[in-house]
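One-letter residues, chain by chain:
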Amino acid sequence: RPLRELLEGVKQMEAGNLDVTIEAQYRDDVGFLARAFNRMAANLRETIASLDQQVTERTAELASTNEQLQAELFAREQAQSQLLEQQRALAVLDERQRLGRDLHDSVNQSIHSLVLFSETLTAALEKGDPQRTRQIALRLQESARQALKETRLLLYQVRPLKTANAFDLLAALEARLDSVERRAGMDAQV
């Protein structure tokens, strides 16, 4: 009977019941085995409880670390987003400044030239010099054409691309030639 109880305890433990204890009534080898079995079961329960506690603590640590990493990742994404927005704003500002310089350097100069030629033309008309008047009028026309070309070029540069997703260099060159150079009397082929 004591051996059957010991064997039944081993079977229960093998089946996963760790709360099994065997009554150690005897002082012989079977009693020694029963006490050893009970100590082993108690040690196993303590070890499993300790492991469960360690797993719980480690899981909590990992969850906390994961939350910190998520927060850091979010902060980095926010910083990158802000940096990209700042870069876009700087690019817009740079482009506006470039456009302002271009307007000042080219179109403004051309318009100033037109004003000067028209004033000179008026003075030549008042003096009654037809040959000088004709020369000034031709220079005035050329200056006006140049101002028109420069204005068209600047307007073309400011215009958004038709295809925002895929930039087709050949199509962009052909569109550029169609919109500006061919109007100016050039015959260009790509």
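Model, not experiment: these values are computed from the prediction.

A. Structural detail: empty space enclosed by the protein. Summed over all chains, the structure comprises one cavity of 30 Å³ or more. Approximately 40 Å³ is the volume attributed to the largest cavity. For the largest cavity, the full set of lining residues is P2, E5, L6, I22, E23, A24, Q25, Y26, V30, G31 and A34. For the lining of the largest cavity, a count of residues per class yields seven nonpolar, two polar and two charged.

B. Highlighting the nonpolar core. Residues L6, M13, V20, I22, A34, F37 and A41 constitute the largest nonpolar core, which totals seven residues. Those elements that place two or more of their residues in this core are α1 (2-14) and α2 (29-127). Broken down by element, this core gets its largest block of residues, three residues, from α2. Aside from chain neighbours lying at most four places away, what touches I22 is E5, L6, G9, A34, F37 and N38. F117, A124, I136 and L140 belong to the second largest nonpolar core, which has five residues in total.

C. Structural detail: the packing of α1 against α2. At a minimum axis separation of 10 Å, α1 and α2 run at an interaxial angle of 15°. In terms of orientation, α1 lies roughly parallel with respect to α2. The handedness of the crossing between α1 and α2 comes out as left-handed. When α1 is examined against α2, the residues P2, L3, L6, G9, V10 and M13 are found in contact with a partner set consisting of V30, L33, A34, F37, M40, A41 and L44.

D. Here's a closer look at α2. Counted at 1.5 Å a residue, the expected span for α2 with its 99 residues is 147 Å, and the 142 Å between its end C-alpha atoms agrees. Of all the bends in α2, the largest measures some 30° and sits at L103. When α2 is considered as a whole, its buried residues turn out to be V30, G31, A34, F37, N38, A41, S106, V107, S110, F117, L121 and A124. In this structure, the buried side of α2 is in contact with α1 and α3 (130-158).

E. Looking closely at the pattern of salt bridges. In total, this model carries five salt bridges according to the counting rule given. Between R88 and E85 there is a salt bridge, with the nearest N and O atoms lying 3.4 Å from each other. Of this pair, R88 and E85 both sit in helix α2, three residues apart, roughly one helical turn.

F. Layout of the environment of V30. Along the chain, the position of V30 falls in helix α2. Each C-alpha atom of the pair V30 and N43 lies 20 Å from the other, and the pair is 13 residues apart in sequence.

G. Up close: a nonpolar patch on the surface. On the surface, L169, L170, L173 and V190 cluster together to form a nonpolar patch covering roughly 370 Å² of accessible area. Secondary-structure assignment places L170 in helix α4 (residues 169-181). Among the residues examined, L170 registers a relative accessible area of 43% and is labelled partly exposed.

H. Structural context of the confidence of the model for the protein. Per-residue pLDDT for the protein has a mean of 85; in total, 95% of the residues score no lower than 70. Mean pLDDT across the elements of the protein ranges from a minimum in α4, with 76, to a maximum in α2, with 90.

I. Representation of α3 in the model. Over its 29 residues, α3 runs 42 Å from end to end, which matches the ideal 42 Å to within 8%, given 1.5 Å per residue. Within α3 the residues assigned to the buried category are T133, I136, L140, S143, A147, E150, L154 and Y156. Here the buried face of α3 lies against α2 and α4.

Cut-offs and rules
- Residues numbered from 1 in each chain as written.
- Predicted model: local features only at pLDDT ≥ 70, side-chain atom pairs only at ≥ 80, totals over all residues.
- Heavy atoms only, no water.
- 1 Å grid on protein atoms, 1.4 Å probe; cavity = no way out; pocket = protein on both sides within 12 Å on 5 of 7 lines; lining within 4 Å.
- Points joined across faces, edges and corners; volume = space filled by probe spheres on them.
- Nonpolar A, V, L, I, M, F, W, Y, C, P; charged D, E, K, R; others polar.
- Core = buried A, V, L, I, M, F, W, Y, C linked by side-chain atoms within 4.5 Å.
- Buried < 20%, exposed > 50% of the residue type's maximum accessible area, 1.4 Å probe, protein only.
- Helix = DSSP H or I, 4+ residues; strand = E, 2+ residues; numbered from the N terminus.
- Contact = heavy atoms within 4.5 Å.
- Axes fitted to C-alpha atoms, helices over the stretch in contact; angles between N-to-C directions.
- Parallel < 35°, antiparallel > 145°, perpendicular 65-115°, else oblique.
- Left-handed = near helix turned anticlockwise from the far one by under 90°.
- Expected span 1.5 Å × (residues − 1).
- Bend = angle between axes of the 7 residues up to and from the residue.
- Salt bridge = Lys/Arg side-chain N within 4 Å of Asp/Glu carboxyl O.
- Patch = residues over 30% accessible without salt bridge, like charges linked within 9 Å, V, L, I, M, F, W, Y side chains within 5 Å.
- Areas by Shrake-Rupley, 256 points an atom, 1.4 Å probe, with all protein chains shown as cover.
- pLDDT = per-residue confidence, 0-100.

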